[in-house]
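The chain contents come next:
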Amino acid sequence: MKGIRQALRQSLAVKVILSTVLLSLSVILLAGSALNSRLSDGIRSVSLTSAIAESRFTFFNAQYQMLLSQGETLEERRQIIADLVLSATTKGVNEAQREMIFLKAPNGNKSAISFEMSSSMIKVSSVPAELRTKVQENTELQYQYGIASYTSGVKGNSLFVGERINIPGGGRYEMYLVFSLKSQTATLDLVRNSLFLTGLALLVLITMITWLVLRQVVRPVRDAARIATQFTKGDFSQRMKITSQDEISTLAHSYNEMAYSIEQQISRLENLSRVQQRFVSDVTHELRTPLTTLRMASEVIYNQRESFDPFVSRSSELLAAQIDRFEKLLEDLLEVSRFDAEVAVLEAVNIDVIALVNRCVRDFGPGENHNNALINVVCKDSSIHIRADVRRVERIMRNLLANALDHADGKEVVVTIVTTETEVAIGVRDYGSGLDESALIRVFDRFWRADPSRARFRGGTGLGLSIALEDARLHNGELDAWGRPNKGAHFVLTLPLIAGSSIQARPISITPKDFHQESFYL
Amino acid sequence: MTLVMVVDDDQDLAEMLGIVLTGSGFDVDLVNRGDEVLEVFRNNPPDLVLLDVMLPGIDGIEVCRLIRLESMVPIVMLSAKGETQDIVRGLEAGADDYIQKPFRDKAELIARIRTRLRRTNADVVGILAIGDLSIDVTAHEVHRGTTLIQLTRLEFDLLVALAKDPGRVFTRDALLSEVWGYRHSTDTRLVNVHVQRLRSKVEHEPENPEIVMTVRGVGYKAGGPA
């Protein structure tokens with residue numbers, strides 16, 4: 001049932017064919033049964049009329065013979081009755097089978113002599129009692145349908161016709177003619193069967209015709225749907241075939257025009273973005289060689305700074321620091337251009353997340369150049385093994401930690417690590433200046449800074465968080481941000497245990513546990 | 001004095017490299033074109049070649065292949081392209097190590113060069129056996145029966161590292177630190193490519209190795225003696 005409903009909803013052809021079949025079926029049933037009842041009524045009334053006419057003639061003849069036989073001997077009269085019975089009874093197989101019964105009326109006949117007689121095949125008892133009463137009470141001819149029993153044991157639907165007969169000097173008798181309805185039933189069956197078969201054939205034909213017609217309409221529609229699906233999947237060369245001049249071909253024409261236009265647009269955009277990415281990548285590469293020379297030269301100078309006067313010495317320090325910053329920016333730009341060109345490759349290996357986090361935290365440990373902020377790592381497990389790109393995960397962690405420390409205002413930074421069976425989450429929480437709603441939306445944007453006037457301790461490039469987000473997504477993971485002004489910020493990295501499989505849940509909710517909505521608004 | 005050949009099309013960078021290397025006590029030969037390398041190389045064989053990938057004339061990867069045809073000298077590729085395929089192609093052509101431009105600092109460059117010039121297994125002496133090979137550590141030679149097998153210094157070091165501790169499984173990180181001198185792991189492709197190259201020289205069937213065995217999910221170990 002469910003399957004049918006689904007097929008109905010999904011296929012236009014099934015829907016149309018099914019409704020056509022149901023409608024034609026009801027029409028055929030109606031017409032068939034009307035035809036059937038008209039035909040049966042007709043056949044019955046024709047045979048009834050002829051049976052009554054025959055009976056009338058037989059009964060009249062019998063009565064007439066009886067009247068003529070007055071005065072004859074008993075034996076002769078019996079012989080006359082026997083002849084009557086014999087002539088009324090048919091022996092032919094093809095003719096409607098006819099039997100005769102001649103009975104003495106139970107009342108109004110006091111004669112001791114019995115002229116009762118019947119044709120040999122029929123059982124006398126099969127005359128319906130109701131009919132007998134009617135015959136006894138009326139002088140008119142009476143008839144009734146009933147079941148006749150034959151001496152052979154066979155029973156069959158029959159028409160009983162009876163009339164009162166007076167035998168002069170012999171009292172009242174009843175004469176019955178029994179017409180077998182066997183051939184009539186056979187005719188009716190034949191009519192019914194023919195009607196049924198015709199109806200069935202009609203139904204099958206209608207179904208086939210509907211299907212043929214439908215196919216002409218549905219096939220182009222199906223083709224169009226298939227082509228549209230392939231188009232959606234990225235095969236922009238797909239076009240509909242145009243074979244005729246009908247409405248379908250109009251559809252195909254407009255569809256093909258649309259497809260052509262989309263293909264053009266896409267290839268134009270692809271080309272543009274390819275040129276753009278190529279340019280960025282080339283520029284970055286070209287910058288690397290001079291940067292290498294610069295770096296080495298500045299290092300040689302920097303190493304000699306003690307022999308210079310203070311201005312030159314300080315200049316050499318600034319030069320070295322800015323070359324570092326420039327290089328970092330270049331690296332980040334190159335990475336961003338790889339993401340944009342979709343050529344970033346994930347090199348997943350087995351790593352211990354906890355060891356990785358601890359390593360990163362150690363590198364940001366106290367004694368570094370600012371903010372003696374403390375980083376606390378909270379985790380129940382001693383090791384969590386996942387399959388991920390170690391370089392990228394490390395880069396995410398460094399970016400998150402650097403970002404947290406930059407905004408922590410000297411307060412502690414808490415790193416939480418929680419794992420489930422399918423994913424691991426790392427939360428980095430600070431209690432510093434925080435972020436407001438508008439900042440949260442833009443926090444992953446390239447070159448966006450929460451507070452442009454803020455000192456940049458870490459010399460971040462402004463690309464860190466956006467690269468971190470791309471790195472997380474390359475693992476099929478997520479990076480979420482939360483923040484409230486002066487209540488700090490919370491960044492949660494959720495990674496699948498096996499890079500590439502999807503994350504099912506968020507083991508660390510983005511709203512930190514130590515933040516309470518109510519107290520914030522009080 | 002140790003002679004380092006610096007091949008880079010960027011004259012300023014080559015000169016700067018020259019200054020830094022001379023400052024660290026090396027002799028330096030500067031070459032700017034790929035098609036000039038072999039001539040200079042034959043006239044004055046260096047102890048190490050520092051080779052840029054992008055070169056006019058013949059590109060660095062091809063130069064690397066040509067040098068390997070006649071010498072087992074250590075080759076360190078310089079690459080401005082960080083892309084995977086360039087590094088792997090360079091290593092497959094016979095480079096022992098690579099450094100990406102721009103280098104972290106000159107100390108990194110010098111350290112890499114020193115590692116490649118140093119005997120990494122100075123503590124091992126005598127003859128080691130691995131599979132049906134005999135390794136004469138002192139003479140720096142590998143024989144199968146009476147046949148001498150030509151290995152680069154790095155391939156030799158890799159083989160000795162595995163053979164001196166038979167049965168021990170080396171992770172790729174361990175090999176990186178032991179053979180290449182990296183303090184923490186950077187790129188395990190370095191190990192993979194060199195193991196492939198070593199196998200192609202020492203194994204009967206490189207697809208079915210008996211000398212340098214892979215331990216799935218861990219790393220490599222030496223095969224037992226034949």
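Structure's up top.
Presented here is a report on the structure given in the accompanying data block. (Residues numbered from 1 in each chain as written. Chains lettered and ligands numbered in written order. Predicted model: local features only at pLDDT ≥ 70, side-chain atom pairs only at ≥ 80, totals over all residues.)

**Comments concerning the overall build of chain B**
Quick note on the threshold: We count a stretch as a helix when DSSP gives it H or I for four or more residues in a row; a strand needs E for two or more, and each element gets its number in order from the N terminus. As a rule, residues whose C-beta atom has 12 or fewer other C-beta atoms within 10 Å are exposed, those with 20 or more are buried, and those in between are partly exposed; C-beta atoms are placed from the backbone. Note that contacts rest on C-beta atoms placed from the backbone: two residues are in contact if these are within 7 Å.
Each helix and strand in chain B was counted, giving eight helices and twelve strands. The buried share of chain B, reckoned over its 226 residues, is 40%. Once local pairs closer than 6 in sequence are excluded, the contacts in chain B between residues at least 24 apart make up 55%.

**Things to note about the overall build of chain A**
Along the backbone of chain A there are twelve helices and twelve strands. Burial statistics for chain A: of 522 residues in total, 25% are counted as buried. Sequence-distant contacts, at least 24 apart, represent 66% of the contacts inside chain A between residues at least 6 apart.

**Notes on the environment of Thr147 of chain B**
Residues and elements named next belong to chain B. Turning to its location among the elements, Thr147 is positioned in strand 9 (residues 147–149). Overall, Thr147 belongs to the exposed group, with 7 C-beta atoms counted inside 10 Å. Here the alpha-carbon distance between Thr147 and Leu133, two residues 14 residues apart in the chain, equals 9.8 Å.

**Let's talk about the interface of chain B and chain A**
Stated formally: Each residue is assigned to one of three groups, with Ala, Val, Leu, Ile, Met, Phe, Trp, Tyr, Cys and Pro labelled nonpolar, Asp, Glu, Lys and Arg labelled charged, and all others, Gly among them, labelled polar.
With 14 residues of chain B at the interface, the matching set in chain A holds 13 residues. With five residues, helix 1 (residues 11–23) of chain B is the single largest residue contributor to the side of chain B that touches chain A. Residues of the side of chain B that touches chain A, tallied by class, amount to seven nonpolar, one polar and six charged.

**Remarks on the pairing of strand 3 (residues 142–149) of chain A**
Every regular strand shows the same layout, with side chains that alternate between the two sheet faces. Residues and elements named next belong to chain A. Defined as follows: Two strands pair under a simple rule: DSSP has to find at least two bridges between them.
Pairing between strand 3 and strand 4 (residues 155–167): eight bridges, direction antiparallel. Counterpart to Tyr145 in the pairing with strand 4 is Leu159. Counted along the chain from strand 3 to the antiparallel partner strand 4, the turn is five residues long, and its residue Gly153 has a positive phi close to 100 degrees.

**Observations concerning helix 11 (residues 464–474) of chain A**
Most of helix 11 of chain A sits inside the fold, with nine of its eleven residues counted as buried. Looking at the buried residues of helix 11 of chain A, the elements they touch are helix 7 (310–340), helix 9 (390–407), strand 11 (478–484) and strand 12 (488–496) of chain A.

**Let's talk about the sheet that holds strand 11 (residues 212–215) of chain B**
For sheets, the rule is that strands pair by backbone hydrogen bonds, running either parallel or antiparallel. All names here are of chain B. Spatially, three strands are ordered 10-12-11 in an open sheet, and the strand pairing comes out antiparallel. Looking at strand neighbours, the two that pair on one side only are strand 10 (170–171) and strand 11, the edges of this open sheet. Where strand 10 lies against strand 12 (residues 219–222), two bridges are found, and the strand directions are antiparallel. Residue pairing for strand 12: Thr171 is matched across the bridge by Gly219.

**Some details on the environment of Val127 of chain A**
Residues and elements named next belong to chain A. Here Val127 is to be found in the loop between strand 2 (117–118) and helix 4 (129–137). Looking at Val127, the number of C-beta atoms within 10 Å reads 22, which means it is buried. Between the C-alpha atoms of Val127 and Gly146, which are 19 residues apart in sequence, the distance is 7.9 Å.

**A few points about the nonpolar core**
All names here are of chain B. What counts here: Here, a nonpolar core means buried Ala, Val, Leu, Ile, Met, Phe, Trp, Tyr and Cys residues linked by C-beta atoms lying within 7 Å of one another. Delimitation of the domains relies on an automatic or database domain assignment.
Grouped together as the largest cluster of nonpolar side chains are 66 residues, with contacts concentrated most on Val7, Leu50 and Leu159. No other element matches the eight residues that helix 6 (residues 153–163) contributes to this core. Each of domain 1 (3–117) and domain 2 (127–222) contributes no fewer than three residues to this core. With sequence-adjacent residues up to four places away left out, Val7 is seen in contact with Val31, Val37, Val49, Leu50, Leu51, Asp52, Leu55 and Val63.

**Topic: the pairing of strand 8 (residues 385–388) of chain A**
Residue and element names in this part refer to chain A. The alternating pattern of strand 8 places Ile386 and Ala388 on a buried face and His385 and Arg387 on a face that is not buried. Sheet topology note: the strand 6 (residues 349–352)/strand 8 ladder contains four bridges and is antiparallel. Counted as the bridge partner of Ile351 is Ile386 from strand 8.

**Here we look at the environment of Glu478 of chain A**
All names here are of chain A. For Glu478, the location among the structural elements is in strand 11. Sequence spacing of Glu478 and Thr494 is 16 residues, and the spatial spacing of their C-alpha atoms is 5.2 Å. Contact partners of Glu478, with chain neighbours within four places excluded, come to Ala472, Thr494 and Ile503.

**Considerations on the sheet that holds strand 8 (residues 141–144) of chain B**
Residues and elements named next belong to chain B. Formally: Here an axis means a line fitted to C-alpha atoms, over the contact stretch when the element is a helix, while the angle between two N-to-C directions is reported on a 0 to 180 degree scale.
Strand order in the open sheet made by the four strands is 6-7-8-9, with antiparallel pairing throughout. Of all the strands in the sheet, just strand 6 (127–130) and strand 9 have a single pairing partner and so form its edges. Neighbour-to-neighbour, the strand axes of the sheet open up by a mean angle of 30 degrees, direction not taken into account. Bridge count for strand 8 against strand 9 is three bridges, and the pairing is antiparallel. Opposite His143, over in strand 9, you have Leu148 as the bridge partner.

**A look at helix 8 (residues 353–363) of chain A**
All names here are of chain A. Our working definition: Within this analysis, the arc is defined by the directions that extend from the helix axis to the C-beta atoms.
Along helix 8, the residues that are buried comprise Val353, Val357 and Cys360. The buried residues of helix 8 all sit within an arc of 65 degrees when viewed along its axis, so they share a single face. On its buried face, helix 8 sits against strand 6, strand 7 (375–379), strand 8, helix 9, strand 9 (413–419) and strand 10 (423–430).

**Some thoughts on the packing of helix 2 (residues 12–68) of chain A against helix 5 (residues 182–232) of chain A**
All names here are of chain A. Quick reminder of the rule: An angle counts as roughly parallel when it lies under 35 degrees, as roughly antiparallel when it exceeds 145, as roughly perpendicular when it falls between 65 and 115, and as oblique in every other case. In this scheme the handedness of a crossing depends on how the near helix is turned from the far one: anticlockwise by less than a right angle means left-handed, clockwise means right-handed.
Remark: helix 2 packs on helix 5, axes separated minimally by 9 Å, with the N-to-C direction vectors making an angle of 160 degrees. If you check the angle between helix 2 and helix 5, you find them roughly antiparallel. Pair helix 2 / helix 5 crosses with right-handed handedness. Taken together, the residues of the contact of helix 2 with helix 5 sort by class into 19 nonpolar, eleven polar and two charged.

**A word on unusual backbone geometry**
Residue and element names in this part refer to chain A. One non-glycine residue, Asp409, lies in the positive phi region at around 55 degrees. Here Asp409 is to be found in the loop between helix 9 and strand 9. The exposure class of Asp409 is partly exposed, given the 15 C-beta atoms found within 10 Å. The backbone phi angle of Asn476 is positive, close to 70 degrees, even though this residue is not glycine. Summarising the element assignment, Asn476 is placed in the loop between helix 11 and strand 11. We classify Asn476 as partly exposed; it has 17 C-beta atoms within 10 Å.

So far we have only geometry, and geometry alone does not tell us how the molecule works.
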